[in-house]
Amino acid sequence: MGDLDGLVKEFLVESYENLDRLDKEFLQLEQTPGSREIISSIFRTVHTVKGTSGFFGFEKLQGVAHAGENLLVKLRDGALVLNQDISSGLLRSVDAIRAILGEVEKTGAEGSENYLSLIAELEHLATGAAAKPVESAPASAPAPVAVQAAVVSAPTAEHPVMPSAQSSELAPRPSSSSAEFAAKPADGAATAGGSLADQSLRVDVSVLDRLMNLVGELVLTRNQILQHAGATASSALVTTSKRLDNITSQLQEEVMKTRMQPIEAVWGKLPRVVRDLAKQIGKQVRLDMEGKDTELDKSIIEAIKDPLTHMVRNSVDHGIEKPDKRIAAGKPAEGCILLRAYHEGGKVTIEIRDDGGGIDPARIKAKAIEKGLITVEQSAKMAEREILALILAPGFSTAEQVTNISGRGVGMDVVRTNIEKIGGSVDIASVVGIGSSITIKIPLTLAIIPALVVTSGGERFAIPQINLLELVRIERAKAATLIEDVYGASVYRLRGQLLPLVYLSKELGLPINESAAINIVVLQADETQFGVVVDTVLDTGEIVVKPLDKQLKNLSVFAGATIMGDGTVALILDVFGLGTRAHAMGKNRDGKKAHAAVATGEPKEPMLLFQSPDDGRMGILLSQVVRLEEMDASKVESAGDVEVIQYRGEILPLVRVFQVLPERRRNPRNPDAGVQPDVLPVVVHSHNGRHVGLVVGKILDTVEESLKLQRAAGRAGIKGCLVLNGKVTEILDVESIVRTVVPDFYKA
Amino acid sequence: MIDVATQTRQFCTFRLAQHLCGIDVLVVHEILRQQPMTKVPLAPPVVKGLINLRGQIITALDMRTRLGFPPRDDGRPPINIVITVGEGAEASTAALLVDEIGDVVEIDPATCEPPPDTIPGALKDLIQSVCKLEKGLILILDTAKAVKVE
């Protein structure tokens, strides 16, 4: 029994895959109606379903597949020409097969519906159309056609190909069809498909998850070995551990890859959705896709499936206009929806663009006022971008009539919530009359995320960097004046805006420590900002997210747990849950919120990022960089107490940034995170024709970002911190660093 | 199905307060000495913390608290019994914190009786049966219920 269950399961998995391919092929077929190759491929798929279902005794399934197959034979043999009716009929048979498979999966039986009318219709299509004049007249006698066709084609058959061989013996009425199938043995696609299948195999996701766990564990062990190796003098051990390090990193990368799937896994269904919907509401829509191969973690693929479908439906329903309206506007009758996906800065960006009517801000505004989301005064002050963002607000739907297509109450706010749940963001842009675009940005994986580690009440906690806006540090002495009290609630004025404060140890019932300074971690969840007061901010790093067991599922304050470098467990804070618990997640305070910063469009400043010895990131303004050099460490000489190097016929004084910065760790946490010790990355900085070289860590990237510095970083040589691409980055104060080594560098 | 009434079964025994308790040996993964533990704020009192078992994060449940016994006061570190109950998606792994680990004993179901009615409520719910050995009584715990924490 168990054996058969396994077989049925395999059959289901395989058939679902086949059906997904069928959807695509049917649509291709509509574009190139004559393609025998596509018809043959469709035929083979349907035939396989039929044969296998016969083997398992799924008679209804077999009946539907058989009727569809008969129709396909006619098409393949040229007895019929594909038209809209046939194509719709075939698509419906695919739907029926899918429905029966779904029933089988759920109950193990085929369900009560028997699809007789569908079968009759398919038969009618096969026979009815045969009356029309077609080229190959002899094959088009009404009922026994299938058999005849088989007879006609049988002589050309050499060997039945692939699965039909066994299934034909098991299926009750297969002989004709398997012969037909064999009639096209020399089809390139069949052999190509076979060899492709040989190169891949199906692996249970849970196996991959376990692999991932083991690799995570290996990474931790590697880190410990590296620490020990660093402390010994044995060069053999050091070399071996370096190799171990290297291999582990590669292994981690490869295992991560096994969980990746191309976004096509989600997109594959959309052409069908668009086609059906467009037909239903009398629109002409073309769906273009770019970047189908863009890969995403499986868990993310699952999470974006529904939101993406919803948005594409929205585009067809609300975005694209009816053909007459489009022509009147001077556009082609056929509307176009473009899906684009690409990797950018450690994230995946998905765009959904349409060339429809765009979103009218005036209508949105009126609707939002009508629904009481904003007041008239507020609306007057809002930028267009902010107004468009209202579409994502809960309880907003502009569809004038509620259709069964979109606007069923679960609107864009659900889409946004779902995307934000996986750490993504949604952005809308639109030009009236030209079209609109929705941009979704999501992290590559959920399994490993960058996080900030803090302590509170003697415990360590990880905070996902995706929620992190900035860090504020206030000296205890000044706290009394800077932190104000509003009826028992603490608030801090952050650049003139009130930031509600949550004391983490108080909220979690942990012992309260009186530290020398107050560290505020400014967080954002669901458009609301609040500050969490912690005892110390430790550092940042990538953490492997592990779910909590059932006993702790009810604790909404924690999103999971992770294992730290020393092998102990730390809890990951759920920012949304924490905010809710602390009642910091109120209503959006008068619509100003997070978009304000975006809307004002602060000027951006290019910055060069490099790694610091403790695995953090530091930045330097590109305007202070003349050039970047890699210098040979053995060429460094000393002149007095200053290190110098010969550079372009000049003597270049060198400043080792990490030695100047007081708080930098003496021993790097990750010794080889930087560069080989014999090559020094040097940033050349100049003033009044004089040059100085800053020896920094491994160069990471350049970025452009508005310089919203957090002044209170409080270390010498650091201008402040800001969050770049979700990571805290310290910006160097170049002048003060240079002065510590070359005091008169800036003197005229 | 195995006929429970006649088959002798093996039980892993441990001491909790003054009682000797037993759990089906088949659910036991391993026995660990004291592990570094991370406290979980806001969790129910029975959850003592999280431990790292070779990369898997496991919830440690204090059996004294679970059964309504007074807290440990002899200063000795508790022992972790790592068990898995349920199957497939329902499976749940947890570490039970007990005072002292005992032997694995074979028990003839014929020597077992349902828990006496006089046992206090919380405890009675978790005790499957009471076995009469020569040395004394063994309380057989219902592990599925024991790891369920509201």
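Procedures and definitions
Residues numbered from 1 in each chain as written. Chains lettered and ligands numbered in written order. Predicted model: local features only at pLDDT ≥ 70, side-chain atom pairs only at ≥ 80, totals over all residues. Helix = DSSP H or I, 4+ residues; strand = E, 2+ residues; numbered from the N terminus. Buried ≥ 20, exposed ≤ 12 C-beta atoms within 10 Å, placed from the backbone. Contact = placed C-beta atoms within 7 Å. Pairing = 2+ DSSP bridges. Nonpolar A, V, L, I, M, F, W, Y, C, P; charged D, E, K, R; others polar. pLDDT = per-residue confidence, 0-100. Axes fitted to C-alpha atoms, helices over the stretch in contact; angles between N-to-C directions. Expected span 1.5 Å × (residues − 1). Parallel < 35°, antiparallel > 145°, perpendicular 65-115°, else oblique. Left-handed = near helix turned anticlockwise from the far one by under 90°.

1. Digging into the overall build of chain B
Thought 1: What chain B contains, in helices and strands, is three helices and 11 strands.
Thought 2: The linear arrangement of helices and strands in chain B, starting from the amino end, is β-β-β-β-β-α-β-β-β-β-α-β-β-α.
Thought 3: Out of the 150 residues in chain B, the part that is buried amounts to 33%.
Thought 4: If you take every contact in chain B between residues at least 6 apart in sequence, the share linking residues at least 24 apart comes to 54%.

2. A closer look at the sheet that holds strand β9 (residues 112-113) of chain B
All names here are of chain B.
Thought 1: The strand order across the open sheet formed by six strands is β8-β1-β2-β11-β10-β9, and the pairing between neighbours is mixed. Edge positions in the sheet fall to β8 (100-107) and β9, since each has one partner strand and no second.
Thought 2: Sheet topology places strand β2 (residues 19-24) next to strand β11 (residues 137-141); two bridges connect them, and they run parallel. Bridged to G22 within β11 is I140.

3. Notes on the pairing of strand β5 (residues 347-354) of chain A
All names here are of chain A.
Thought 1: For strand β4 (residues 335-344) and β5, the ladder comprises eight bridges, and the chain directions are antiparallel. By the bridge assignment for β5, Y342 is matched with T349.
Thought 2: Of the strand pairs in this sheet, β5 and strand β7 (residues 435-443) are connected by eight bridges, and their pairing is antiparallel. By the bridge assignment, E351 is partnered in β7 with T439.

4. What about the interface of chain A and chain B?
Thought 1: Taken together, the 22 residues of chain A in the interface contact 19 residues of chain B.
Thought 2: Element by element, the count of residues in the side of chain A that touches chain B is highest for helix α10 (residues 205-231) of chain A, at four residues.
Thought 3: A breakdown of the residues in the side of chain A that touches chain B according to their chemical character gives 11 nonpolar, six polar and five charged.

5. Notes on the confidence of the model for chain A
Do not read the fine detail of predicted coordinates wherever pLDDT is low.
All names here are of chain A.
Thought 1: Here chain A averages 75 in pLDDT, while 80% of its residues score no lower than 70.
Thought 2: Within the model, the stretch residues 400-409 combines pLDDT values under 50 with 14 contacts to residues more than four positions away or in other chains.
Thought 3: This stretch, residues 671-675, has a pLDDT under 50; its non-local contacts, to residues over four places away or in other chains, come to 15 contacts.

6. Comments concerning the sheet that holds strand β6 (residues 79-85) of chain B
All names here are of chain B.
Thought 1: In spatial order, the strands read β3-β6-β7-β5-β4; together these five strands make up an open sheet with mixed pairing. Each end of this open sheet is capped by a strand with a single partner; those strands are β3 (28-32) and β4 (47-53). Neighbour to neighbour, the strand axes of the sheet diverge by 30° on average, direction disregarded.

7. Things to note about the environment of I352 of chain A
Residues and elements named next belong to chain A.
Thought 1: Structurally, the position occupied by I352 is in strand β5.
Thought 2: Taking the C-alpha atoms as reference, I352 lies 9.0 Å from A341; in sequence the two are 11 residues apart.
Thought 3: If we ignore the near neighbours within four places in the chain, the residues touching I352 are M311, V312, S315, I337, L339, S437 and I438.

8. A short note on the environment of E459 of chain A
Thought 1: Among the structural elements, E459 of chain A can be located in strand β9 (residues 459-464).
Thought 2: The residues touching E459 of chain A, leaving out its near neighbours within four places in the chain, are L510 of chain A together with K39 of chain B.

9. Description of helix α2 (residues 36-56) of chain A
All names here are of chain A.
Thought 1: Between the first and last C-alpha of α2 there are 30 Å, a value that for 21 residues agrees with the 30 Å anticipated at 1.5 Å per step.
Thought 2: Along α2, 16 of the 21 residues are buried, which leaves the element largely enclosed by surrounding structure.
Thought 3: Phi turns positive, to about 80°, at G57, one or two residues after α2.

10. Focus on the packing of α2 of chain A against helix α3 (residues 59-76) of chain A
Residue and element names in this part refer to chain A.
Thought 1: Viewed as axis vectors pointing N to C, α2 and α3 meet at an angle of 155°, and their least axial separation amounts to 9 Å. In terms of orientation, α2 lies roughly antiparallel with respect to α3. Crossing of α2 against α3: the hand is left-handed. Where α2 abuts α3, its residues R36, I39, S40, I42, F43, V46, H47, V49, K50, S53 and G54 lie against L61, Q62, A65, H66, G68, E69, L72, L75 and R76.
Thought 2: Grouping the constituent residues of the contact of α2 with α3 by class yields nine nonpolar, seven polar and four charged.

11. With respect to the pairing of strand β25 (residues 679-687) of chain A
Residues and elements named next belong to chain A.
Thought 1: Taken together, the six bridges between strand β21 (residues 627-632) and β25 define a ladder with antiparallel strand orientation. Looking at the pairing, R627 lines up with V684 of β25.
Thought 2: Sheet analysis places β25 next to strand β26 (residues 690-695), joined by six bridges and oriented antiparallel. Directly across from V683, in β26, lies its bridge partner L694.
Thought 3: Turn length for the β25-β26 hairpin, with the two strands adjacent in sequence and antiparallel, is two residues, and the turn residue N688 shows positive phi of about 50°.

12. Some thoughts on helix α4 (residues 84-107) of chain A
Residue and element names in this part refer to chain A.
Thought 1: An ideal rise of 1.5 Å per residue puts 34 Å on 24 residues; α4 measures up with 34 Å between its terminal C-alpha atoms.
Thought 2: Among the residues making up α4, those that are buried are I86, G89, L90, S93, V94, A96, I97, I100, L101 and V104.
Thought 3: At the C-terminal side of α4, G108 shows a positive phi close to 85°.

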